[in-house]
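# Tertiary structure, described
The lines below spell out each chain.
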Amino acid sequence: MGIPPGHVQSAARKLERPKPTSVAASRFLGAPTVYDIERTVPGEVPESEFLALVEEIRSTVGSVGNVSTLGKSLAWTSGPSANVTRDVHVTIIPRAGRTRVRITERMRNMAGGLFGGIMGGMGGGGMGLVIGLGMGLLNSPVATAVLVPLWIGGSYLLARGIFRHIGRKREAELERLADRLEEHLVEVNRPDPGGRALPRGATRG
C-alpha cells in the first residue's frame with residue numbers, strides 16, 4: 001500500500017511553509033511581544049464553512065470571541081472574559097482562487113501585567129523584608145546593599161522566565177490552530193478527478 005496522496009501533500013506544504021514571523025524577542029522581556037503566523041491554501045473557502053472554522057478557533061484559544069464578516073472574508077477577535085485575557089486576531093480571506101489565513105497574538109499587555117505584578121509584588125512588597133533582614137538580623141549595611149539588588153534581580157529573572165515559557169506555549173498553540181485551519185480548508189477544497197471541489201466528507205467513487 002502506498003502513502004495516501006493527502007498525507008504526501010500535507011507533508012509537502014509543511015516543508016514549503018515559511019517559519020512563523022514574530023517581532024524580535026526583547027532582550028529585557030526574553031521573548032517576542034507579537035506572534036504572526038500565515039497559511040495560504042489553494043481554493044476559496046465558501047461562507048458555509050465559516051461556522052466550523054470559528055468553532056475550531058474558539059476551542060483552541062478558549063474564548064468565544066467576536067466574529068465579523070466583510071464580503072467573503074471572516075475575522076475573529078478574542079474577547080475579554082473571566083478566564084481569558086488574550087489579544088488574538090484571526091482573519092480568513094478567500095481571494096483569486098486561494099484562501100489566506102493569518103493569526104496574530106499580541107503579548108504586550110500580558111507582559112506588562114506579568115512583570116509589573118511580579119517585580120512590583122516581590123521587588124517592591126518584599127523590599128522591607130530584605131532591608132529588615134540585612135539591617136536587623138545581620139546588622140550590616142553592606143549585606144543590605146548586596147541583598148537588595150539580588151532580590152530585585154531575582155524577581156526580574158522569575159518574571160522573564162515565566163513570560164518566555166508562556167510565549168513558547170502560545171506560539172506552539174497558534175501553530176496547531178493554523179495547521180487545523182489549513183487542514184480544514186484543504187479538505188473543503190479537495191478536488192475530484194473531474195477538477196471540481198468535493199464537499200467535505202465526500203469520497204471519490
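In case you missed it, the structure is sitting above this.
These numbers were taken from a predicted model, which means no experiment stands behind them.

### Brief notes about the overall build of the protein
Along the backbone of the protein there are 5 helices and 6 strands. When the helices and strands of the protein are listed from N to C terminus, the series reads α-β-β-α-β-β-β-β-α-α-α. Out of the 205 residues belonging to the protein, those deemed buried represent 38%. Here the contacts in the protein between residues at least 6 apart in sequence split such that 57% fall between residues at least 24 apart. Looking at the protein as shown, the accessible area adds up to about 12100 Å², and 60% of this sits on carbon and sulfur atoms.

### Focus on the environment of Arg-168
One can find Arg-168 in helix 5 (residues 141–188). Given a relative accessible area of 52%, Arg-168 falls into the exposed group. In this structure, the C-alpha to C-alpha distance between Arg-168 and Pro-32, residues 136 residues apart in sequence, is 9.5 Å.

### Structural notes on unusual backbone geometry
Phi angles above zero are rare outside glycine, and Ala-96 is one such case at about 55°. If you trace the backbone, Ala-96 turns up in the loop between strand 5 (87–95) and strand 6 (98–106). Overall, Ala-96 belongs to the exposed group, its relative accessible area being 72%.

### Examining the pattern of salt bridges
This model, assessed by the stated rule, comprises 11 salt bridges. A salt bridge links Glu-38 to Arg-100, with the nearest nitrogen and oxygen atoms 3.0 Å apart. Taken together, the residues Glu-38 in strand 2 (residues 34–42) and Arg-100 in strand 6 connect sequence positions 62 residues apart. Classification of Glu-38 as partly exposed rests on a relative accessible area of 35%. On the basis of relative accessible area, Arg-100 is assigned to the partly exposed category, the value being 30%.

### Digging into helix 2 (residues 50–61)
Helix length check: helix 2, at 12 residues, gives a terminal C-alpha distance of 16 Å against a target of 16 Å (1.5 Å per residue), a fit within 8%. Just downstream of helix 2, Gly-62 is the residue with a positive phi angle, here 85°.

### A look at the packing of aromatic side chains
Using the criterion set out here, one finds 4 aromatic pairs in the structure. Between Phe-28 and Phe-115 the ring centres are 5.5 Å apart and the planes differ by 35°, which places this aromatic pair in the tilted class. Of this pair, Phe-28 sits in the loop between strand 1 (21–22) and strand 2 while Phe-115 is found in helix 3 (residues 108–124), placing the two residues 87 residues apart along the sequence. With relative accessibility at 45%, the residue Phe-28 sits in the partly exposed group. Under the relative-accessibility criterion, Phe-115 is labelled buried at 6%. Between Phe-115 and Tyr-156 the ring centres are 6.3 Å apart and the planes differ by 45°, which places this aromatic pair in the tilted class.

### Thoughts on the nonpolar core
Ranked by internal contacts, the top residues of the largest apolar core, which has 32 residues, are Leu-53, Val-90, Ile-103, Phe-163 and Leu-181. Only strand 2, helix 2, strand 4 (73–77), strand 5, strand 6, helix 3 and helix 5 provide two or more residues apiece to this core. Top element by residues in this core is helix 5. It accounts for 8 residues. Not counting chain neighbours up to four residues away, the residues in contact with Ile-103 comprise Tyr-35, Asp-36, Ile-37, Val-88, His-89, Val-90, Leu-174, Leu-177, Ala-178 and Leu-181.

### With respect to the environment of Arg-170
As for its position among the elements, Arg-170 is in helix 5. On a C-alpha basis, the gap between Arg-170 and Met-107 in space is 9.6 Å, while along the polypeptide they are 63 residues apart. Not counting residues within four places of it along the chain, the set of residues in contact with Arg-170 comprises Arg-86, Glu-105, Met-107 and Met-110.

What counts and how
Residues numbered from 1 in each chain as written. Predicted model: local features only at pLDDT ≥ 70, side-chain atom pairs only at ≥ 80, totals over all residues. Heavy atoms only, no water. Helix = DSSP H or I, 4+ residues; strand = E, 2+ residues; numbered from the N terminus. Buried < 20%, exposed > 50% of the residue type's maximum accessible area, 1.4 Å probe, protein only. Contact = heavy atoms within 4.5 Å. Areas by Shrake-Rupley, 256 points an atom, 1.4 Å probe, with all protein chains shown as cover. Salt bridge = Lys/Arg side-chain N within 4 Å of Asp/Glu carboxyl O. Expected span 1.5 Å × (residues − 1). Phe/Tyr/Trp six-rings, centres within 6.5 Å; stacked < 30°, edge-to-face > 60°. Core = buried A, V, L, I, M, F, W, Y, C linked by side-chain atoms within 4.5 Å.

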